[in-house]
Amino acid sequence: MPIAVEAWGPDYGGELDAGPMQASDDPPDTSCEGRPWEPVSPSGAPVAERDVAFVDGTRRMDARVFLFEAGEPPTPGVAGSVGVGAVVCALPNGGRAVAAAECVSLSVDRCLVLGNGRRLSLSAGPGLEFAAVPHPSDDLEQLAAAVHERMRQREAALAHELASNGRLVFLDGPLAKMRPGPVRVVAYVKSHNRRYLAPDEETILGRLRRGQRTPLFSFGEPRPRYSWYVRLCELGGGDHGWHGLVRCECPAALSLDGAVELADASAALLPRFASAPYWDPRAPQNLVPVAGLERRLRHLLGDRHLVDRMIRSAAARLGREGAA
């Protein structure tokens, strides 16, 4: 009986959902590209840009908090930090080599998300200004999700800005928060917990080789977009058929020719930036520029223990001022 070993480190989940993958509620149109449902090899696909940008973010829950007021039950909240930025890679030879890579547009945003619509900001020190973010729920999971949502919104805004300046942009994560429009942004999803293809169409995934993609498939409302899968590495012994796959998306506002151009560019480029298992526990999907950006952003968020002490000190100070 064959057995496949999950490639990702167990602390990071996995490429493939451990439970049964849900079928999509929004079945796509797999005939939109008008080509046979076979692996596509974009050999020699031109890359017009001289550089490409990789956008990603990181977030951290710095503290769980409770707001106490006389005669009222405690209001829960979370203090969270969000870092967002991009790595721009110069491609002077049409994508055949990387001449230089530079982190740009790095930013850190901190927020205090309070439930029940309560609003309170917290100043914990220089660079530790937690902006007030009210939330209607008092569920801690939903409050933490609001920090994640804030990160996704900032990632999307940065991707849109960089694409508007003429770059080809790869966004780590789905397109869900992108503003509508024909922007040249390719979102890529590293892990898979939902099935979008019919069983007979899904068999193509195990046949993809490094640098190959599926034909495009498209979605209508509520999130119109083109999508496709790309294989980042060759399969080895003990690998399951989903190993090394990313699912990409681009806006449906682009023309079909524009979407095909981006799909070919992603299949030509992304494998060149794939990480290796000895270097990254989420290899190959956690691309080298993105992994480096994540480390830089985590550094900018500051030492977790120091931030925790500063928050506690600020909260104690606020309590004394309120009691005075």
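Remember, predicted model here, so these are calculated numbers, not experimental data.

(A) Expanded view of the overall build of the protein. The secondary structure content of the protein amounts to five helices and 12 strands. Taking all 324 residues of the protein together, 49% fall into the buried category. A separation threshold of at least 6 residues defines the contact pool for the protein, and within that pool the share at least 24 residues apart is 63%. Of the roughly 15800 Å² that the protein leaves accessible, carbon and sulfur atoms contribute 52%.

(B) Fine view of the state of the cysteines. Under the counting rule described, the total for this entry stands at zero disulfides. Summary of cysteine pairing: Cys89 is not part of a disulfide, and the nearest cysteine sulfur, belonging to Cys103, is at 9.2 Å. Owing to a relative accessible area of 2%, Cys89 belongs among the buried residues under this scheme.

(C) Spotlight on the packing of aromatic side chains. Throughout the structure, instances matching the rule amount to six aromatic pairs. Geometrically, the ring pair formed by Phe54 and Phe170 is stacked, given 5.4 Å between the ring centres and 20° between the ring planes. Separated by 116 residues along the polypeptide, Phe54 in strand 2 (residues 51-67) and Phe170 in strand 7 (residues 168-172) bring together distant segments of the chain. Each member of the pair Phe54 and Phe170 is classed as buried. Centroid distance Phe217 to Phe219: 5.9 Å. Interplanar angle 70°. Geometry classified as edge-to-face. A single burial state applies to Phe217 and to Phe219, both of which are buried. Here the aromatic cluster, defined as three or more aromatic residues joined through ring pairs, consists of Tyr196, Phe217, Phe219, Tyr229 and Trp242. For Arg225, the ring lying beneath its charged end belongs to Phe219, and the centroid distance is 4.0 Å.

(D) Representation of the pairing of strand 8 (residues 185-189) within the structure. In terms of residue burial, strand 8 counts as a mostly covered element, since five of its five residues are buried. The alternating pattern of strand 8 places Val185, Ala187 and Val189 on one face and Val186 and Tyr188 on the opposite face, and all of these are buried. Bridging between strand 7 and strand 8 involves four bridges; their strand directions are parallel. Bridged to Val169 within strand 8 is Val185.

(E) Representation of the pairing of strand 3 (residues 75-90) within the structure. Where burial is concerned, most of strand 3 is hidden: 15 out of the 16 residues are buried. Pairing of strand 2 with strand 3, which is carried by 16 bridges, proceeds in the antiparallel orientation. Within strand 3, the position partnered with Leu67 by the bridge is Thr75. As judged from the 13 bridges shared by strand 3 and strand 4 (residues 100-114), these two strands associate in the antiparallel manner. Across the sheet, Val78 pairs through a bridge with Val113, a residue of strand 4.

(F) Fine view of the pattern of salt bridges. Counted under the stated rule, the structure contains 20 salt bridges. A salt bridge links Glu155 to Arg152, with the shortest nitrogen-to-oxygen separation between them at 2.8 Å. Of this pair, Glu155 and Arg152 both sit in helix 1 (residues 140-164), three residues apart, which is roughly one turn of that helix. Linking Asp308 and Arg312 is a salt bridge whose minimum nitrogen-to-oxygen distance equals 2.9 Å. Separated by four residues within a single helix, Asp308 and Arg312 lie in helix 5 (residues 304-323), roughly one turn from each other. On the basis of relative accessible area, Asp308 is assigned to the partly exposed category, the value being 22%. A relative accessible area of 56% places Arg312 in the exposed class. Each of Glu33, Arg35, Arg213 and Asp264 takes part in salt bridges that share partners, so that together they form one network.

(G) Structural view of the sheet that holds strand 2. Read from one edge to the other, the open sheet built from 10 strands follows the order 5-6-4-3-2-7-8-12-11-10, with strand pairing classed as mixed. For this open sheet the edge positions go to strand 5 (122-123) and strand 10 (217-219), each flanked by a neighbour on one side alone. Bridging between strand 5 and strand 6 (residues 129-134) involves two bridges; their strand directions are antiparallel. Within the sheet, the bridge partner assigned to Ser123 lies in strand 6 and is Glu129. Those strands touched by helix 1 are strand 2, strand 3, strand 4, strand 6, strand 7 and strand 8, and its axis lies near 25° from that of strand 3. Along the sheet, helix 3 (residues 256-269) contacts strand 2, strand 7, strand 8, strand 11 (225-231) and strand 12 (245-251); its crossing angle with strand 11, the most-contacted strand, is approximately 20°.

(H) Structural view of a nonpolar patch on the surface. Residues Tyr278, Trp279 and Val288 make up a contiguous nonpolar surface patch of about 370 Å² in total accessible area. Within the secondary structure, Val288 sits in helix 4 (residues 288-301).

(I) The nonpolar core, seen in detail. In terms of nonpolar packing, the biggest core is built from 33 residues, with Phe54, Phe170 and Trp228 touching the most fellow members. Going through the elements one at a time, strand 2, strand 3, strand 7, strand 8, strand 11, strand 12, helix 3 and helix 4 are the ones with two or more residues in this core. Top contributing element to this core by residue count: helix 3, with seven residues. Judged by nonpolar contacts, the second largest core, of 27 residues, contains Val113, Leu162, Val169 and Leu175.

Conventions used here
Residues numbered from 1 in each chain as written. Predicted model: local features only at pLDDT ≥ 70, side-chain atom pairs only at ≥ 80, totals over all residues. Heavy atoms only, no water. Helix = DSSP H or I, 4+ residues; strand = E, 2+ residues; numbered from the N terminus. Buried < 20%, exposed > 50% of the residue type's maximum accessible area, 1.4 Å probe, protein only. Contact = heavy atoms within 4.5 Å. Areas by Shrake-Rupley, 256 points an atom, 1.4 Å probe, with all protein chains shown as cover. Disulfide = S-S within 2.5 Å. Phe/Tyr/Trp six-rings, centres within 6.5 Å; stacked < 30°, edge-to-face > 60°. Lys NZ or Arg CZ within 6 Å of the ring centre and 35° of its normal. Pairing = 2+ DSSP bridges. Salt bridge = Lys/Arg side-chain N within 4 Å of Asp/Glu carboxyl O. Axes fitted to C-alpha atoms, helices over the stretch in contact; angles between N-to-C directions. Patch = residues over 30% accessible without salt bridge, like charges linked within 9 Å, V, L, I, M, F, W, Y side chains within 5 Å. Core = buried A, V, L, I, M, F, W, Y, C linked by side-chain atoms within 4.5 Å.

Worth remembering: the numbers are spatial, not functional.
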